[in-house]
Amino acid sequence: MSTIDIRELNEHIQRESSFVDLITMEMNKVIVGQKAMVEKLLIGLLANGHILLEGVPGLAKTLAIKSLAGTISAQFSRIQFTPDLLPADLLGTLIYSQKKEEFVVKKGPIFANFILADEINRAPAKVQSALLEAMQERQVTIGESTYKLDEPFLVMATQNPIEQEGTYPLPEAQVDRFLMKVVISYPTQDEEKRILRQHLAAEYPTVSPVIRPEDILRARAVVKEVYIDEKIENYITDIVFATRYPQKYQLDKYEGMISYGASPRASINLALASQAYAFIKRRGYVIPEDVRAVCHDVLRHRIGLTYEAEAENITSPDIINDILNQVEVP
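Each value, and the rule that gives it
Residues numbered from 1 in each chain as written. Predicted model: local features only at pLDDT ≥ 70, side-chain atom pairs only at ≥ 80, totals over all residues. Heavy atoms only, no water. 1 Å grid on protein atoms, 1.4 Å probe; cavity = no way out; pocket = protein on both sides within 12 Å on 5 of 7 lines; lining within 4 Å. Points joined across faces, edges and corners; volume = space filled by probe spheres on them. Helix = DSSP H or I, 4+ residues; strand = E, 2+ residues; numbered from the N terminus. Nonpolar A, V, L, I, M, F, W, Y, C, P; charged D, E, K, R; others polar. Buried < 20%, exposed > 50% of the residue type's maximum accessible area, 1.4 Å probe, protein only. Pairing = 2+ DSSP bridges. Salt bridge = Lys/Arg side-chain N within 4 Å of Asp/Glu carboxyl O.

Caption draft 1: Here's a closer look at the layout of surface pockets. Of the volumes computed, that of the largest pocket is approximately 720 Å³. What lines the largest pocket is a set of 25 residues, among which Glu54, Gln159, Glu172, Lys181 and Arg300 lie closest to the centre. Among the elements of the structure, β1 (51-54), α7 (172-175), β9 (180-183), β10 (258-260), β11 (304-305) and α14 (316-326) are those that each provide at least two residues to the lining of the largest pocket. Split into classes, the residues belonging to the lining of the largest pocket amount to 10 nonpolar, 10 polar and five charged.

Okay, here's the thing in structure tokens:
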């Protein structure tokens, strides 16, 4: 790609990405701190992928996606996952209409643009798989008919890491369907003080719609235009291959620690998330820093650890850190 092309692409992306600031400003009215979480939600939205959020209760996970849906005049559905939830409660079902003397479809809460699957690990496997099928196929089957889901379609699932009683952990193959797994931590003391003041104020701030769903669909097409050089492609595949064959990258200490490495879906998602990150940063091309910025969230849930690794307190973020330090940066 010539320098003139890159310059044109840069200008084009700067024009097209101007709405990112509008969304961020609206989100900042309601959400204090958690800048990384807001950024990751935008990446999921622009890269057409779903996000799994993990954090203790009360860290504004629900508020974040509700606010994001509020900034885009789009439909929002919140589904509280419980052990007695059935797939029909999620997708919808056929109901007999006496007036029409036939079965009619009653669509479930999955038919919205933004879905908040709250505490996804509280529901049994058949409900989880019904949601994950809808996420993957972007369609739902009720009775004998198949219905397409509206675009944009973003699922943000939350899981609580502290309570293990009465939870059904997501199988690895299903967790892989999430573009990113974002782990949220506590706010700083100053941020907590601002949260306190916000809640004690006479009026709680609200977000206003600043863009339309069709703007998001157009932005997604533009994100795909963000230029990825072959050197960056090699960098991405090197990182992913290092999770599968650590000894080839002088990471011999992890031999026998990784039960399975990241799948090809990880390479695709790493590239898509890097493009979306570059777009948010108003740039027309991907640089190694973009890949590094999204790497932890894209790979965190895609590396399987053996019992030996768990016994030695080795975590997937440790492995990712060492891979990023070891793999040569272009």
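Past the structure itself, the notes keep going.
Caption draft 2: Main features of the pairing of strand β5 (residues 114-118). Judged by how many residues are buried, β5 sits mostly within the fold: five of five residues are covered. Of the two faces of β5, the one carrying Phe114, Leu116 and Asp118 and the one carrying Ile115 and Ala117 are both buried. In this structure, strand β2 (residues 76-80) lies alongside β5, joined through five bridges in parallel fashion. Directly across from Phe76, in β5, lies its bridge partner Phe114.

Caption draft 3: View of the environment of Tyr260. Inspection of the secondary structure puts Tyr260 in strand β10. Looking at Tyr260, the relative accessible area reads 34%, which means it is partly exposed. Spatially, the C-alpha atom of Tyr260 lies 17 Å from that of Asp322, the residues being 62 residues apart in sequence.

Caption draft 4: Main features of the pairing of strand β7 (residues 145-148). Strand direction decides the pairing type here: strand β6 (residues 139-142) and β7, joined by four bridges, are antiparallel. Bridging from a neighbouring strand, Ile142 pairs with Ser145 of β7. The turn linking β6 back onto β7 is made up of two residues, and Gly143 within it adopts a positive phi angle of 65°.

Caption draft 5: Seen up close, the pattern of salt bridges. For the structure shown, the criterion picks out 18 salt bridges. In this structure, the salt-bridge partner of Glu26 is Lys29, at a minimum N-O distance of 3.1 Å. Taken together, the positions of Glu26 and Lys29, both in helix α2 (residues 18-30) and three residues apart, correspond to about one turn of that helix. One salt bridge in this structure joins Arg302 and Asp176, with 2.6 Å as the shortest N-O distance. Within this pair, whereas Arg302 is found in the loop between α12 (288-299) and β11, its partner Asp176 is found in the loop between α7 and β9, the two being separated by 126 residues in sequence. There is no split in this pair, since Arg302 and Asp176 are both buried. Each member of the salt-bridge network shares a partner with another, and the members are Glu16, Arg212, Glu214, Asp215 and Arg218.

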